Amino acid sequence: MVRQQSIMWYYGDIFGRFWHSRLFLLNLVGFFIAPVTSHPQCLDFKPPFRPEDELQFCVMYKHFGCCDYAKDQELMAKYYKIMDNFDYYGYANCAAYVQGLLCQECSPYAAHLFDAEDPSTPLRTIPGLCPDYCSAFLDRCESTIPLISDDPRIAELKHDKPRLCRYLQLDDPDYCYPHLLSNEHLTKNLGRVAEDPEGCLQLCLEEVANGLRNPLAMVHANDGTHRLFVAEQVGVVWVYLPDRSRLEKPFLNISEAVLTSHWEGDERGFLGITLHPDFKYNGKLYVYYSVEIGFDERIRVSEFRISAADMNVVDHTSERVILEVDEPASNHNGGQILFADDGYLYIFTGDGGMAGDPFGLFGNSQNKSALLGKVLRIDVNDNDKGPLYRIPPDNPFAHERGARPEVFAYGARNMWRCSVDRGDPVTREGKGRIFCGDVGQNKYEEIDIVEKGRNYGWRAKEGFSCYDKKLCANSSLDDVLPIYAYPHKMGKSVTGGYVYRGCEYPNLNGMYIFGDFMSGRLMSLRENRDTRQWDYKEICMGMGLTCAFPGLINNYHPYIISFAEDEAGELYFLSTEIPSATSPTGVVYKVVDPSRRAPPRSCHYDPLPVKVKSKTIQFQPKETLIGVEFPNSGQEITDSNDWLEELMRSLDEPGLQTTLRPTTTTTKPPKTTKSRKGRRRKQGRHQHQHGAVRLAGDDLGRADRGRVEIFAKGEWGTVCDDLWNAKNAEVVCRQLGYRYALKASKAAEFGEGSHLRILLDDVQCQGTEATLLDCQHAGVGNSNCAHYEDAGVICGNSFDNGH
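Everything numeric here is computed off the predicted structure, so don't read it as measured data.

Asker: Which residues make up the overall build of the chain, and what values do they have?
Answerer: Within the chain, the regular secondary structure consists of 14 helices and 37 strands. Within the span of the chain, comprising 803 residues, buried residues form 57% of the whole. Taking as baseline every contact in the chain between residues at least 6 positions apart, the subset at least 24 positions apart corresponds to 63%. Total accessible area on the chain stands at roughly 34,300 Å², and carbon and sulfur atoms take up 50% of it.

Now the structure itself:
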């Protein structure tokens, strides 16, 4: 059966309007049936790999396939056992056939050739053969069949060659042997990260943990146990064991001391955690969190020790406050804390909040006598006696008059999530580099490599552009530019990531993967060795059959809070459905490259035993691979023949309107289910539905308020209306998933969207409509107002959210 690629959103809309026209649909059939979808898969349901040791028998797959040296030797032994039954003429006629058939277990498409994708069917003993090849093979080497296969059905049909060849055929002729070897669509770019037609990298995910309240950090102990410690914004840290079970008793719980709230977008809370490089021996860890002292808000960095009685619990009485810094506002609190390769503790603070760093003559970030808007570096080693921390002797401003000696770098706005590059596993190239995402103001988000003594530009610059023109023109600024910056049409709050240095997915080595909290966009950078520039590629969830492997999914919650790596260097990110510190919708995802894996056993490790005194809670995955489903039948459509049959049947049912969900196809295994209603997911490229809305323009970056922007007729635009009212706001807030509209704002309270067209005017809603387009209005694109009347909303799930 010809496999079907994902259905385009546009044609899903056409079907909604023309479902009754059988002729119209039949004319589109040829358009929808795309070429065969490439989906390399081995018999163990995993991606192919490059063998570590060169194959000696199945040499056609020595560069990429499904056999390592041991399997190659096993097949060679089987080959000689078969061929020992033949004389010289038997060898001459049949040796190549037998070798070719046996070696298809090494083919990158072995799962297709042997029907291993469908667990409901028995595994083939002979790979699926193309009809012409089957006929030639049986004519010359029929006597080899009993020696290759013990399938009783083949024995029954051995005297009826046409029926036997039909039995040996595949339902999907594109994958039959040997024609698939010359199928350019299947062999082109084999083993490389898959890309869609626009160059977006096709990756997949594996769900690792769920039910978390704004998970914003995940670290490992580097002690051989391969435990993961996941921190929630409320101030609770959980221990996850290598089997992904969670300990019932928290590792750390300082929620009573942590300052945060249930408000969506609140930037205060437990913001960072790191374990000492010698944690295995000294049991020390460091945390970064918000506190309230009297009427003042502060950020606090504290040291804790592990309990002497339980290696999975912190001694809460051991807290020693290393550093506190007053926060003049509730936003831009920074929060990253880590140890770099030099053994020192790095602390990344925000600029103090509000907008535009308005503190002092040049702002906090450019003021080296302030600790805000900085990268700090301190020495907390051997601090059991004497001062809690010392100043590293090579700190760049340790001897500069008026400067704080803790300052390592300055000019940061609000660096959110930084990481240290482990370096190339072989050459160690890149080792020790510190990458950070620095959240922008109104226009740009940026990625920086942090170096000693450097000025990262804020508030003089935002990204590559000037923000404060007077400061920007100052010849003494001497700032370093980001390695990459992107505009707010791509996202409005960068979440820094990691350079992938894990073992399991060699294609990703050297790729810096990061995201955006607001847009949910996953992105990557890779350094060009010739130009030393960083090349950008967007990351999309795998389309079609790309993620059709057991345990993999192709969608995620959109608010990307943080990235992490485990002890082995594998990459994860943490996101949530509702960005509130009290919403248990957070999930940890592992990043997976479905195009190529490391050779079997090359990434194997045996975790050291963990003495567990708490009860364990077994992991129960909740996320699913999203596929094309006919909502009227509930049937998952996994290939184009089934799809067309279901489509034609639906047209014969009177009054039945056919719709196609704009998701990607799946195959077996695994079974897929419908995504839960109402959930915002990120999948594939960023597609927008007619009537979709978003909020923009809030200086503090809060998700629950802003200028209303609507997507209509293929573009985003504003709603400009001096009669904007609460009923209109109700429609917008409910569409965005909030329970209440707390305010219908007017007169461009959240700024003018002058970079967009005005798409709606004179909107009159009853408050129950699904979108603003369902309300009365002057027509899309028709307006008699200006951007100084752009409408906005403040939404919430309780009536105190707007205060």
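Asker: Describe helix α9 (residues 161-168), listing the residues and the values that go with them.
Answerer: For α9, the full list of buried residues reads Leu164, Cys165 and Leu168. Taken around the axis of α9, the buried residues stretch over an arc of 100°, which confines them to a single face. When the buried face of α9 is taken as reference, the exposed residues oriented beyond 90 degrees from it are Pro162 and Arg166. Where α9 is buried, its residues touch α6 (131-141) and α8 (152-157).

Asker: Could you give an account of the confidence of the model for the chain, naming the residues involved and the relevant values?
Answerer: Per-residue confidence for the chain averages 87 on the pLDDT scale, and 87% of its residues sit at or above 70. Counting interchain partners and residues more than four positions distant, the pLDDT-below-50 stretch residues 1-36 has 79 contacts. In this model residues 628-679 is a low-confidence stretch, pLDDT under 50, and it forms 128 contacts with partners more than four residues away in sequence or in other chains.

Asker: Can you tell me about the nonpolar core, naming the residues and giving the values?
Answerer: As a rule of thumb, nonpolar side chains are buried together in soluble globular proteins. In terms of nonpolar packing, the biggest core is built from 64 residues, with Leu252, Phe270, Ile273, Leu285, Leu323, Ile347 and Phe514 touching the most fellow members. Tallying contributions element by element places strand β8 (residues 284-293) first for this core, with six residues. The residues contacting Ile273, other than those within four sequence positions of it, are Ala217, Val219, Ala231, Val237, Leu285, Tyr286, Val287 and Ile337. Counting residues in hydrophobic clusters, the runner-up holds 43 residues, among them Phe86, Leu102, Ile145 and Leu168.

Asker: Which residues make up the packing of helix α4 (residues 88-102) against α6, and what values go with them?
Answerer: At a minimum axis separation of 10 Å, α4 and α6 run at an interaxial angle of 135°. Of the possible angle classes, the one that applies to α4 and α6 is oblique. In the crossing of α4 with α6, the sense of the turn from one axis to the other is left-handed. Counting all contacts with α4, which are made through Asn93, Cys94, Tyr97 and Leu101, the residues of α6 involved are Tyr133, Ala136, Phe137, Arg140 and Cys141.

Asker: Let's hear about the sheet that holds strand β11 (residues 336-339): which residues, and what values?
Answerer: Spatial strand order, β11-β12-β13-β14: four strands in an open sheet with antiparallel pairing. At either margin of the open sheet sits one strand with a lone partner, and together these are β11 and β14 (407-410). For this sheet the average axis-to-axis angle between neighbouring strands, irrespective of direction, equals 15°. Pairing analysis gives four bridges linking strand β12 (residues 345-348) to strand β13 (residues 374-378), with the strands arranged antiparallel.

Rules used in this analysis
Residues numbered from 1 in each chain as written. Predicted model: local features only at pLDDT ≥ 70, side-chain atom pairs only at ≥ 80, totals over all residues. Heavy atoms only, no water. Helix = DSSP H or I, 4+ residues; strand = E, 2+ residues; numbered from the N terminus. Buried < 20%, exposed > 50% of the residue type's maximum accessible area, 1.4 Å probe, protein only. Contact = heavy atoms within 4.5 Å. Areas by Shrake-Rupley, 256 points an atom, 1.4 Å probe, with all protein chains shown as cover. Arc of directions from axis to C-beta. pLDDT = per-residue confidence, 0-100. Core = buried A, V, L, I, M, F, W, Y, C linked by side-chain atoms within 4.5 Å. Axes fitted to C-alpha atoms, helices over the stretch in contact; angles between N-to-C directions. Parallel < 35°, antiparallel > 145°, perpendicular 65-115°, else oblique. Left-handed = near helix turned anticlockwise from the far one by under 90°. Pairing = 2+ DSSP bridges.

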